[in-house]
Amino acid sequence: MATLEPVEFNPFKKSTAPDDFTARYGAVAEKAAKALGVDPKVVLGQWGLETGWGKSVIPGTNNLGNIKDFAGGGVAATDNMTGSRDKYRAYESPDQFVDDYVSLIQRKYPNAVNAKTPEEFAKALKSGGYAEDPGYVAKIKTAAKMTPDRATTGPTLEPVDFDPFAQAAPAATEGMPQKEP
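Residues numbered from 1 in each chain as written. Predicted model: local features only at pLDDT ≥ 70, side-chain atom pairs only at ≥ 80, totals over all residues. Heavy atoms only, no water.

*Asks:* Residues and numbers for helix α1 (residues 18–36), please.
*Replies:* Given a rise of 1.5 Å per residue, 19 residues ought to cover 27 Å, yet the end C-alpha atoms of α1 are separated by just 22 Å, more than 12% below that figure. Its axis deflected by about 65° at Y25, α1 carries its strongest bend there. Three or more residues of α1 are buried, namely P18, D20, F21, T22, A23, Y25, G26, V28, A29, A32, A33 and L36. Following α1 by one or two positions, G37 has its phi on the positive side, about 70°. (Helix = DSSP H or I, 4+ residues; strand = E, 2+ residues; numbered from the N terminus. Expected span 1.5 Å × (residues − 1). Bend = angle between axes of the 7 residues up to and from the residue. Buried < 20%, exposed > 50% of the residue type's maximum accessible area, 1.4 Å probe, protein only.)

This is the structure in structure tokens:
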């Protein structure tokens, strides 16, 4: 199985290029690929196709596969392919997405597990109903080829709650020399 070469990742650079998408999500794609027994480039290619290389990740969802929530929960958004208004699953982090993604593929698309080629993987997803696009298999093959052989070694950022209007806590002054008035 292929591994991705490390590259530096700049979290402040806005881009929807395969290189930057791979740098941002390569590590979690490797985790998913290992669990599914497939090449990480196939996983990255599929996620890249599903999200326009990160352009169409529904804000706040970390849903790299744009997986719909058929239970009626989730975040409402318009499907770029069909134009329908659907609900999509939301995840706290990319790692949480990977856990659900792997579970979903293993349960509903078992023929995709241990796929030897991008085409085999995509055919298993398509035949199982994962995608509505008639050109899905060819698009996954192309996207996997577009995926570079590298991943991130840079820092990962964890989401934090930030309230710019919150009152700052007083600075600790104990043990610090005090100015005289």
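*Asks:* Any details on the environment of A124? Residues and values, ideally.
*Replies:* Structurally, the position occupied by A124 is in helix α4 (residues 118–127). Between the alpha carbons of A124 and K108 there is a distance of 9.9 Å; along the sequence they are 16 residues apart. Contacts of A124, omitting those with residues within four sequence positions, involve Y109, N111 and A112. (Contact = heavy atoms within 4.5 Å.)

*Asks:* Could you give an account of the pattern of salt bridges, with specific residues and numbers?
*Replies:* Inspection of the entire model under this criterion finds 9 salt bridges. Between E132 and K68 there is a salt bridge whose closest N-O contact spans 3.8 Å. Within this pair, whereas E132 is found in the loop between α4 and α5 (136–146), its partner K68 is found in the loop between α2 (40–51) and β2 (75–78), the two being separated by 64 residues in sequence. Put simply, K68, D79, D86 and E132 are held in one network by salt bridges that share partners. (Salt bridge = Lys/Arg side-chain N within 4 Å of Asp/Glu carboxyl O.)

*Asks:* How would you summarise the packing of α4 against α5 if you had to cite specific residues and measurements?
*Replies:* α5 packs onto α4 with a crossing angle of 145° between their chain directions and a minimal axis gap of 8 Å. The crossing of α4 and α5 is right-handed. For the pair α4 and α5, contact is made by P118, E119, A122, K123, L125 and K126 and by Y136, V137, I140, K141 and A144, respectively. Classifying every residue of the contact of α4 with α5 gives 7 nonpolar, no polar and 4 charged. (Axes fitted to C-alpha atoms, helices over the stretch in contact; angles between N-to-C directions. Left-handed = near helix turned anticlockwise from the far one by under 90°. Nonpolar A, V, L, I, M, F, W, Y, C, P; charged D, E, K, R; others polar.)

*Asks:* Can you lay out the side chain of D79 for me, pointing to particular residues and giving the numbers?
*Replies:* Looking at the element boundaries, D79 is found in the loop between β2 and β3 (85–88). A residue is classified by how much of its surface remains accessible, and D79, at 12% relative accessible area, is buried.

*Asks:* So what about the pairing of β2? Which residues, and what values?
*Replies:* Judged from the 4 bridges that link them, β2 and β3 form a sheet pairing that is antiparallel. Residue V75 lies in a different strand from β3, and its bridge partner there is Y88. Connecting β2 to the antiparallel partner β3 that follows it, the hairpin turn spans 6 residues, and G83 within it adopts a positive phi of roughly 80°. (Pairing = 2+ DSSP bridges.)

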